[in-house]
Amino acid sequence: KYRAAGMSKMQNKGKAQPAAGKPSAEFEEGWHKMEVAFERLINFVQNDFQVKAGASEEDVPGSNEWTRWQMNAYATVYNLCTKNEGKASGNTSQQILYQRSQAMIEKYLSDRVNKQVADKKGEELLRNVYTAWKHHLVVVRWGRFQFRYLDEYYTKNQNICSLRIMMLKCFQTAVYEKIKHDLCQVLLAEVQRERDGIEINRTYMQLVIQLFVEMGMDSNKIYEQDFEVHFLEETAKFYKRASAVWLNENGGNFTYLRRVEKALNEEHNRALSYLHRTSLENVINCVETELLTNYQMQVLEDPDAGTEALLMNNKTEDLGRMFTLFKRISKGLEPMSAILRDFIKKEGKEINKRFCDGDIDGNKYIDACLDLYDKYTAMFEVYFENCPIFHKARKEAYEVFINETLTPSKGESSGNKVTSSELLSNYCDNLMKNEKVDPDELEAKLHKIVCLFSNISDKDLFQEFYRKSMSKRLLVSKTDNDNERQLIAKLKIKMGAPYTSKLEGMIVDKTLSAETHSNFMDYCRANNIELKIEFSAQVLTTGFWPAFKIDNVNPPEILSNCMDLFKQFYDHKTQSRVLKWVHSLGTATVSSKFKKGQKEMLVSTYQACVLLLFNSKAVISAGEMSKELALALDEVKRTVHSLAFGKFAILKREGENKKKQIVEDDEFQVNEEFQHPTRKFKIPNVIKTVGDPVEKTDENRRHVIEACIVRVMKSRKQLSHLDLQTECIRQLSNYFKPDMKIIKKRIEDLIQRGYLERDEGDRNIYRYLA
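Draft legend 1. Representation of the overall build of the protein chain in the model. Helices and strands together make up the secondary structure of the protein chain, namely 29 helices and nine strands. A globule of 770 residues ought to have a C-alpha radius of gyration of about 27 Å, yet the protein chain, at 48 Å, is considerably larger. Overall, the protein chain is about 155 × 75 × 70 Å in size when its C-alpha atoms are taken along their principal axes. The buried share among the 770 residues of the protein chain stands at 45%. The long-range fraction of contacts in the protein chain, counting pairs at least 24 apart against all pairs at least 6 apart in sequence, stands at 70%. For the protein chain, the computed accessible surface area is about 41,200 Å², with 48% contributed by carbon and sulfur atoms. Measuring between centres, the 116 positive side-chain charges of the protein chain sit 3 Å from its 110 negative side-chain charges.

Draft legend 2. Up close: the sheet that holds strand β1 (residues 587–594). Spatially, the three strands line up as an open sheet ordered β1-β2-β6, and their pairing is mixed. Each edge of the open sheet is held by one strand with a lone partner, namely β1 and β6 (680–682). Ignoring which end each strand starts from, the neighbouring axes of this sheet average 25 degrees apart. Inspection of the sheet shows β1 paired to strand β2 (residues 597–604) by eight bridges, in the antiparallel sense. Looking across to β2, one finds that Phe594 is bridged to Gly597.

Draft legend 3. Structural context of a negative patch on the surface. A grouping of Glu624, Glu654, Glu664, Asp665 and Glu667 is seen on the molecular surface, where their side chains present a negatively charged patch. Considering the arrangement of structural elements, one finds Glu667 in strand β5 (residues 667–670). On the basis of relative accessible area, Glu667 is assigned to the partly exposed category, the value being 39%.

Draft legend 4. Main features of the packing of aromatic side chains. Evaluation of the coordinates by the stated rule reveals 34 aromatic pairs. Summarising the aromatic geometry, the rings of Tyr376 and Phe380 are spaced 6.2 Å apart at their centres and angled 40 degrees between planes, so their arrangement reads as tilted. Remark: Phe380 and Tyr376 occur in helix α16 (residues 362–383); sequence separation between them is four residues, near one turn of the helix. What links up through ring pairs into an aromatic cluster is the set Phe520, Tyr523, Phe535, Phe566, Phe569, Tyr570 and Trp581. Positioned over the ring face of Tyr373 is Arg394, at 3.7 Å from the centre of the ring. The ring of Phe453 is capped by Lys459, whose NZ or CZ atom sits 5.8 Å from the centre of that ring.

Draft legend 5. Spotlight on the confidence of the model for the protein chain. With 91% of its residues at a pLDDT of 70 or more, the protein chain shows a mean pLDDT of 84. By mean pLDDT, the top-scoring element of the protein chain is helix α17 (residues 388–401) (94), and the lowest-scoring one is helix α1 (residues 2–16) (33). In this model, residues 1–20 is a region of pLDDT below 50 whose contacts with residues beyond four sequence positions or in other chains number five contacts.

Draft legend 6. The packing of helix α25 (residues 622–629) against helix α26 (residues 633–644), seen in detail. Where α25 meets α26, the axes come as close as 9 Å, and the angle between the chain directions of the two elements is 115 degrees. Relative to α26, α25 is oriented so that their crossing is right-handed. Contact residues: α25 offers Ala622, Gly623, Met625 and Ser626, while α26 offers Leu633, Val636 and Val640. Taken together, the residues of the contact of α25 with α26 sort by class into five nonpolar, two polar and no charged.

Draft legend 7. Spatial organisation of the environment of Glu664. With respect to the secondary-structure elements, Glu664 resides in the loop between β4 (651–653) and β5. By relative accessible area, which is 43% here, Glu664 ends up partly exposed. Between the alpha carbons of Glu664 and Leu461 there is a distance of 39 Å; along the sequence they are 203 residues apart. Every residue in contact with Glu664, bar those within four places of it in the chain, is listed here: Ser621, Ala622, Gly623, Leu633 and Lys637.

Draft legend 8. Up close: the state of the cysteines. Taken as a whole and judged by the stated rule, the model has zero disulfides. In this structure Cys161 is not part of a disulfide, and its nearest cysteine sulfur, from Cys170, lies 9.6 Å away. Its relative accessible area of 28% is what places Cys161 among the partly exposed residues. Lacking any disulfide linkage, Cys524 is separated from the closest cysteine sulfur, that of Cys562, by 8.3 Å.

Draft legend 9. Broad picture of the packing of helix α18 (residues 420–433) against helix α20 (residues 459–475). Running from N to C, α18 and α20 point in directions that differ by 25 degrees, and their axes come no closer than 8 Å. Relative to α20, the element α18 is oriented roughly parallel. Judged by the twist between their axes, the crossing of α18 over α20 is right-handed. Taking contact as the criterion, the partners of Ser421, Glu422, Leu424, Ser425, Cys428, Asp429, Met432 and Lys433 in α18 are, on α20, Leu461, Phe462, Phe465, Tyr466, Ser469 and Arg473.

Draft legend 10. Summary view of the sheet that holds strand β9 (residues 765–768). Overall, antiparallel pairing links the three strands, which are arranged β7-β9-β8 in an open sheet. Of all strands in the sheet, those with a lone pairing partner are β7 (718–720) and β8 (756–758), marking the two edges. Neighbour to neighbour, the strand axes of the sheet diverge by 30 degrees on average, direction disregarded. The pairing of β8 with β9 spans three bridges and is antiparallel. Bridge assignment links Arg758 to a residue of β9, and that residue is Tyr766. Strands β7 and β9 of the sheet are contacted by helix α28 (residues 721–732), whose axis makes an angle of about 95 degrees with β7.

Draft legend 11. Spotlight on the environment of Ala236. Relative to the helices and strands, Ala236 is located in helix α9 (residues 221–248). Once the C-alpha coordinates of Ala236 and Asn285 are considered, the two residues, 49 residues apart in sequence, prove to be 10.0 Å apart.

Draft legend 12. Examining the nonpolar core more closely. The biggest cluster of nonpolar side chains holds 159 residues, and the ones touching the most others in it are Phe227 and Tyr365. The greatest single-element share of this core, amounting to 17 residues, is contributed by helix α7 (residues 163–195). When near neighbours in sequence (up to four residues on either side) are disregarded, Tyr365 contacts Ile351, Asn352, Phe355, Ile360, Phe401, Ile402, Leu406 and Leu423. Ranked by size, the runner-up nonpolar core spans 44 residues in total, among them Tyr523, Tyr606, Ala608 and Ile683.

Draft legend 13. Local environment of the pattern of salt bridges. Summed over the entire model, instances satisfying the criterion amount to 48 salt bridges. Across the pair Asp759 and Arg767 runs a salt bridge, and its minimum N-O distance is 2.3 Å. Members of the salt-bridge network, linked through shared partners, are Glu194, Arg195, Arg202, Glu267 and Arg270.

Draft legend 14. Quick look at the side chain of Gln725. Turning to its location among the elements, Gln725 is positioned in helix α28. Judged by relative accessible area, which is 10%, Gln725 ranks as buried.

Analysis parameters
- Residues numbered from 1 in each chain as written.
- Predicted model: local features only at pLDDT ≥ 70, side-chain atom pairs only at ≥ 80, totals over all residues.
- Heavy atoms only, no water.
- Helix = DSSP H or I, 4+ residues; strand = E, 2+ residues; numbered from the N terminus.
- Rg over C-alpha atoms; globule rule 2.2 N^0.38 Å.
- Buried < 20%, exposed > 50% of the residue type's maximum accessible area, 1.4 Å probe, protein only.
- Contact = heavy atoms within 4.5 Å.
- Areas by Shrake-Rupley, 256 points an atom, 1.4 Å probe, with all protein chains shown as cover.
- Lys, Arg positive; Asp, Glu negative; His and termini not counted.
- Charge placed at Lys NZ, Arg CZ, Asp CG, Glu CD.
- Pairing = 2+ DSSP bridges.
- Axes fitted to C-alpha atoms, helices over the stretch in contact; angles between N-to-C directions.
- Patch = residues over 30% accessible without salt bridge, like charges linked within 9 Å, V, L, I, M, F, W, Y side chains within 5 Å.
- Salt bridge = Lys/Arg side-chain N within 4 Å of Asp/Glu carboxyl O.
- Phe/Tyr/Trp six-rings, centres within 6.5 Å; stacked < 30°, edge-to-face > 60°.
- Lys NZ or Arg CZ within 6 Å of the ring centre and 35° of its normal.
- pLDDT = per-residue confidence, 0-100.
- Left-handed = near helix turned anticlockwise from the far one by under 90°.
- Nonpolar A, V, L, I, M, F, W, Y, C, P; charged D, E, K, R; others polar.
- Disulfide = S-S within 2.5 Å.
- Parallel < 35°, antiparallel > 145°, perpendicular 65-115°, else oblique.
- Core = buried A, V, L, I, M, F, W, Y, C linked by side-chain atoms within 4.5 Å.

And the structure:
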């Protein structure tokens, strides 16, 4: 067996050499079978995949005979590849088979396909190329199947082109290179026809454009060089002409963005339909450049259909379209947001003007600011995708107009300077006093208030005004502590715990006062003490509450006894705390009988003390009241004025003096004829705090700036004046905008007090002294 095998090998080599490299008859017989199989495939393909009449079963694709015949073709290739013919001459059977299959493909393309596309123009060229390429793809698929063994075991090992690449290169050399220029022009003409509104065959376009891709042999280089670059050039030229026409048409400004939107959608669909997937981004960028980038400012600043015009006419849908389109280009939203910022600023200044002219009061001013804020919040959510750049633009606009100092020409504040911090604080005060407000409505309102508050620069001033009004609500008016806590919680989230610590302390004091009163009543019962009146004292922590005016009043005995008893109880409970009575904050219910019936009056402590004096005297002068109560005459005049004039005339003045101004010798008596529709009513009184909130805030700011300077210098040890000033402004800007002059004064003061020193070599540098 071994010798026979050896002889067989020698015989094979011998057969190849005498024939000078020609294959054996057996090889030629096998190759002839492959030629017949290929010819059958070509005939079937050339007949547009239709079986000729009278064809045998083996010519019918899908039949058992066709399948058997294809498998025989594969077996034939296997047998031919495994023969070692031609090895002596340097050409193996696999190489011969590869070369002959290439020649067979080239002949098919030269003899048949070239005739289909040669000298064809226009739509005929497109149609014939479509057919030829579709047929060739089938040939490639079946050819790879028939020669699969050759492809798997020869081309890979010899590092040569696979059968697919080889057949594509054959098509490229024989057909593509001759028609690529004309074919590109035909495709561009078809695209132009479609852009003009004429329907084209997209199936043809897709397959023919795929030809450019396949010619790149797994690369897009040929596609990009031979087609895409020309397509993009024509696209740019088309939309450059179209944009000029659209803008110059009558009413073109109003419809331009709609046309741009339509064009982008059409190009997007076109690219997905028949262009290569890598072209989509390039095509869209090209269209965006010609229609949006090149005309950005012209469109946005158009007086009739630009951003400001759309905002003025509340064309939200068009604004949404404008946002969607300009969002696509680099920095496309920045000019739009700048225009929106200036427009909001203009609207805000109009609200300021209406307030200063007296057309709206403080509450309506805040309502107008909130409504404006809501308007753009809804717009941003629905049409601008809550894009941060527009929220930033609104914030910048609000920070300009809402921080202007206002001087109303009418109303109670006429001629006085008013800040938004004070107006917002008053608005919150009225909201908290409103008992009819719905909880859900209140929650939404408070959220808007905090949003508006975040744009106010003097947040410390708002804190001072709000603390003052909140103290009055907690001590005098009826207010829901839960509502107060709700707003404080929102402010705490926005500003941090230190900002709301005093406000929270006031709520805590109010809660503890109720517990203290309960303990006081237990103390009285335990010591068998019976109070002649219902007495309740609220204990306030000095650091939390605003500074109130303290008067040393000599109250009536019935009240002073209760005060002494409570002091005794409190001193026993706490050893280190000192009580100071703030009578100006107290309230009392006084019962009195008039001719028209019994009345119960809710009054202040001062008013109650004045009324109780009439239990012992029928007529008392203002000077006598001042001496009896040990109260300043001005305070007595103010208190008596609230009881003798206006809606609640409990007292009446003796004599013929008609003026409302009270002098020391004016005498008063109880007005027995007084009447009121209700049995119980409240007589208003004004609670006065010590010091102006603005002055108090300015004083606090000096301390805050000094603390910030020391804190910065302690950590840095040495800084220049500019760096120190910049760092202080950065740290404090969340609460207020510090004045650079004040910072400089505080630095000088700290130098004098020995906290800092100047560098001897450079006076502009400061050093921290431990």
